[in-house]
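Summary of structural features
Listed here are the chains, written in short residue letters.
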Amino acid sequence: MTSSNDKGAQQPGGRPSRGAIKAVRGTRDLLPDQTPLWNRVEATARAVFARYGFGEIRTPVFEATELFARGVGEETDIVSKEMFTWEDRARAASEKAQSLTLRPESTAGVVRAYIEHKMGETGALQKLYYIGPQFRRERPQRGRYRQFWQIGAEVIGPPSSGAESPVRDAEVLEMLASLLDELGVHGWRLELNSVGSAEDRALYNQALREALAPVKDRLCPDNQRRADTNPLRVLDSKEEQDQEIINGLPKIADYLGEESREHFAQVRAALDACGVQYHVNPRLVRGLDYYTRTTFEFTVQTGLGTQNALLGGGRYDGLSEMLGGPKAPGIGFAIGEDRLILVLQEQAKQDAEASGTAPGEEKLDVYVAPLGFERNAAALALARELRREGLSVEVGDGAFKLRKSFDIADKIARAIVLLGEDEVATGVMTVKMFATGEQVKVPRAELGDRLRAR
Ligand code: HAM
């Protein structure tokens, strides 16, 4: 293995090395000091999803480009600027060349799978969740990567399954509130809006176009383009100089039809009944074209800087039809797992500073130290037995000096077991527990219980 310090070093054989290869911009390695938190988050999410009747779905990491063009929308930033797309050459006469894309999000793929496997034909509501990497060619910064992870879920089914009911929207939001609470995320804020039905949106788009026409010249070039192609996108622009104009634009709430208004009122009433707090944000239109009616984001102030959207989602009642499927209303969300982890790490740091303690790190149960290389084999055999009893164990090396074994053990384990000639002969082990400093003799048969005791 070469490290970044090896630049310019000679390789074996005398050839100069060509410098170390680094991870690609916007991608990251997650090392063992980070992955325990990722695993805890994922295990908690899986447990919560199971309580709400969700099952896991795993869809491919790449799909036909057309899926995203049709599903997410050609005019969105994601499809127009951020996708990793390539022409896949035909390899045999029976194959066609095809444009493929690394998935920038998973909703389109999940709905494609729902259609392809005729999941609607059972008549039952489908509750599906996924955890996996997504890819967007964005400008990398804290909380924004080119490969990032989402934990997401979709509730979808034929209209007769009740997939359109506001109860579904409220249940998804209540589940998210519970999940964030269970993970220990403090200070989250739920921003909620309704973008109406496709018909409501057409009316609203028209109103926006009219309102934007006389002021368009004063907008930044990106927003000028959006004002023509997709005026709704202007609303979620963060461009500082355009905010005054944007704040003065018509509000979607005034263009919702009776049904959309009633649906939104029922979502809010169910959230009120559950005691889930939310803030209606009329500018929350989201960056994907498939949304109808309920849209939402959960934001946090700690740890994310400007990338403060921890998760986003909403209803997509026409998406299945856009992808050539049957009528299948749905609602879902995706949590940015990288961002969730940043928030939890930042909060743990702040909590530790407030209480004056170091953030807790998980240690192994025991370090087995053979005294002399003749004891290496016996040490490995003892480690095997202890691991089979469910303990976490590291084995040292008989070549290490006793001082060195203690130093390593103290860093990584809660206890050290010394394995010398006497211990092997008598089966009575010498154990030191680091928390108390006590050193005791323990018969082999009692060792497991002794090491487990905290
Ligand atoms: P989205 O808002 O594009 O929605 O992404 C959801 C979340 O993914 C964001 O709130 C953010 O936390 C995270 N995220 C997005 N881009 C990045 C990035 N470059 N780096 C790190 N994190 C990122 C969707 O993807 C929809 N499919 C959600 C959905 C599901 N709607 C209905 N069902």
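The following refers to the structure shown. Since the structure is predicted, the reported quantities are computational estimates derived from the model, not experimental observations. (Residues numbered from 1 in each chain as written. Predicted model: local features only at pLDDT ≥ 70, side-chain atom pairs only at ≥ 80, totals over all residues. Heavy atoms only, no water.)

Here's the deal with the packing of helix 13 (residues 376–388) against helix 16 (residues 444–452)
Relative to each other, helix 13 and helix 16 sit at 55 degrees, their axes nearing to 11 Å. Classed by the angle they form, the pair helix 13 and helix 16 counts as oblique. In this structure, the crossing between helix 13 and helix 16 has a hand that is right-handed. Together, Leu382, Glu385 and Leu386 of helix 13 and Arg444, Leu447 and Leu451 of helix 16 make up the contact between the two elements. Within the contact of helix 13 with helix 16, the residues separate by chemical class into 4 nonpolar, no polar and 2 charged. (Axes fitted to C-alpha atoms, helices over the stretch in contact; angles between N-to-C directions. Helix = DSSP H or I, 4+ residues; strand = E, 2+ residues; numbered from the N terminus. Parallel < 35°, antiparallel > 145°, perpendicular 65-115°, else oblique. Left-handed = near helix turned anticlockwise from the far one by under 90°. Contact = heavy atoms within 4.5 Å. Nonpolar A, V, L, I, M, F, W, Y, C, P; charged D, E, K, R; others polar.)

Observations regarding the packing of aromatic side chains
Per the counting criterion, the structure on display carries 9 aromatic pairs. Taken together, a centroid distance of 5.3 Å and an interplanar angle of 50 degrees make the contact between Trp188 and Phe298 tilted. A residue pair is termed long-range when its members are at least 10 positions apart, and Trp188 in the loop between helix 5 (166–183) and strand 7 (189–194) and Phe298 in strand 9 (residues 292–299) qualify at 110 residues. You can call Trp188 buried: its relative accessible area is 19%. With a centroid separation of 4.8 Å and an interplanar angle of 65 degrees, the aromatic rings of Tyr290 and Tyr291 are classed as edge-to-face. The residues Tyr290 and Tyr291 share a single accessibility class, namely buried. An aromatic cluster is present here, built from Phe49, Phe54, Tyr129 and Phe333 joined pairwise through their rings. (Phe/Tyr/Trp six-rings, centres within 6.5 Å; stacked < 30°, edge-to-face > 60°. Buried < 20%, exposed > 50% of the residue type's maximum accessible area, 1.4 Å probe, protein only.)

Section: the packing of helix 1 (residues 35–51) against helix 5
Where helix 1 meets helix 5, the axes come as close as 10 Å, and the angle between the chain directions of the two elements is 145 degrees. Helix 5 is crossed by helix 1, and the crossing has right-handed handedness. When helix 1 is examined against helix 5, the residues Arg40, Val41, Thr44, Ala45, Val48, Phe49 and Arg51 are found in contact with a partner set consisting of Met175, Leu179, Glu182 and Leu183. Among the residues forming the contact of helix 1 with helix 5, the class breakdown is 7 nonpolar, 1 polar and 3 charged.

A look at the site of the ligand
The ligand sits among 26 residues. The nearest are Glu105, Glu138, Tyr145, Glu154 and Tyr291. One of the backbone N or O atoms of Tyr145 is found 2.8 Å from a nitrogen atom in the ligand. Between Gly332 and the ligand, the recorded distance is 3.5 Å, taken from a backbone N or O atom to a nitrogen atom. Isolated, the ligand exposes 660 Å² of accessible area, and the fraction of that covered by the protein chains is 96%. Listing elements by their share of the shell around the ligand, those giving two or more residues are strand 6 (147–156), strand 10 (309–315) and strand 11 (330–336). Broken down by class, the residue content of the shell around the ligand amounts to 11 nonpolar, 8 polar and 7 charged. (Near = heavy atom within 4 Å. Polar contact = N/O pair within 3.5 Å; in protein donor to acceptor, adjacent residues only side chain to side chain. Areas by Shrake-Rupley, 256 points an atom, 1.4 Å probe, with all protein chains shown as cover.)

Details of the sheet that holds strand 15 (residues 428–433)
Pairing between the strands of a sheet is mediated by backbone hydrogen bonds and can be parallel or antiparallel. Read from one edge to the other, the open sheet built from 5 strands follows the order 13-12-14-15-16, with strand pairing classed as mixed. This sheet does not close on itself; its edge strands, each paired only once, are strand 13 (393–395) and strand 16 (439–443). Ignoring strand direction, the axes of neighbouring strands in this sheet form an average angle of 25 degrees. Across 3 bridges, the pairing between strand 12 (residues 366–370) and strand 13 is parallel. Opposite Val366, over in strand 13, you have Val393 as the bridge partner. Docked against the sheet, helix 16 engages strand 12, strand 14 (415–419), strand 15 and strand 16, running at close to 125 degrees with respect to strand 16. (Pairing = 2+ DSSP bridges.)

Focus: the environment of Thr292
Checked against the element boundaries, Thr292 lands in strand 9. The exposure class assigned to Thr292 is buried, which follows from its relative accessible area of 9%. Here the alpha-carbon distance between Thr292 and Arg201, two residues 91 residues apart in the chain, equals 8.4 Å.

Re the pattern of salt bridges
As enumerated under the stated definition, the model contains 35 salt bridges in all. Salt-bridge contacts for Asp236 lead to Arg233; the nearest nitrogen and oxygen are separated by 3.5 Å. Taking relative accessible area as the criterion, Asp236 reaches 28% and is therefore assigned partly exposed. You can call Arg233 buried: its relative accessible area is 4%. For the salt bridge of Arg452 with Glu389, the shortest nitrogen-to-oxygen distance reads 4.0 Å. Of the two residues, Arg452 sits in helix 16 while Glu389 sits in the loop between helix 13 and strand 13, which places them 63 residues apart along the sequence. In this structure Glu389 comes out as partly exposed when scored by relative accessible area, which is 34%. What emerges from the salt-bridge pattern is a single network uniting Glu75, Asp77, Lys81, Asp222, Arg225 and Arg226. (Salt bridge = Lys/Arg side-chain N within 4 Å of Asp/Glu carboxyl O.)

Focus on the nonpolar core
Formed by 47 residues in total, the largest nonpolar core has its most connected members in Val185, Phe296 and Phe333. Per-element tally for this core: the top contributor is helix 5, with 9 residues. The next biggest cluster of nonpolar side chains, apart from the first, holds 40 residues, and it includes Ile57, Leu67, Phe68 and Ile156. (Core = buried A, V, L, I, M, F, W, Y, C linked by side-chain atoms within 4.5 Å.)

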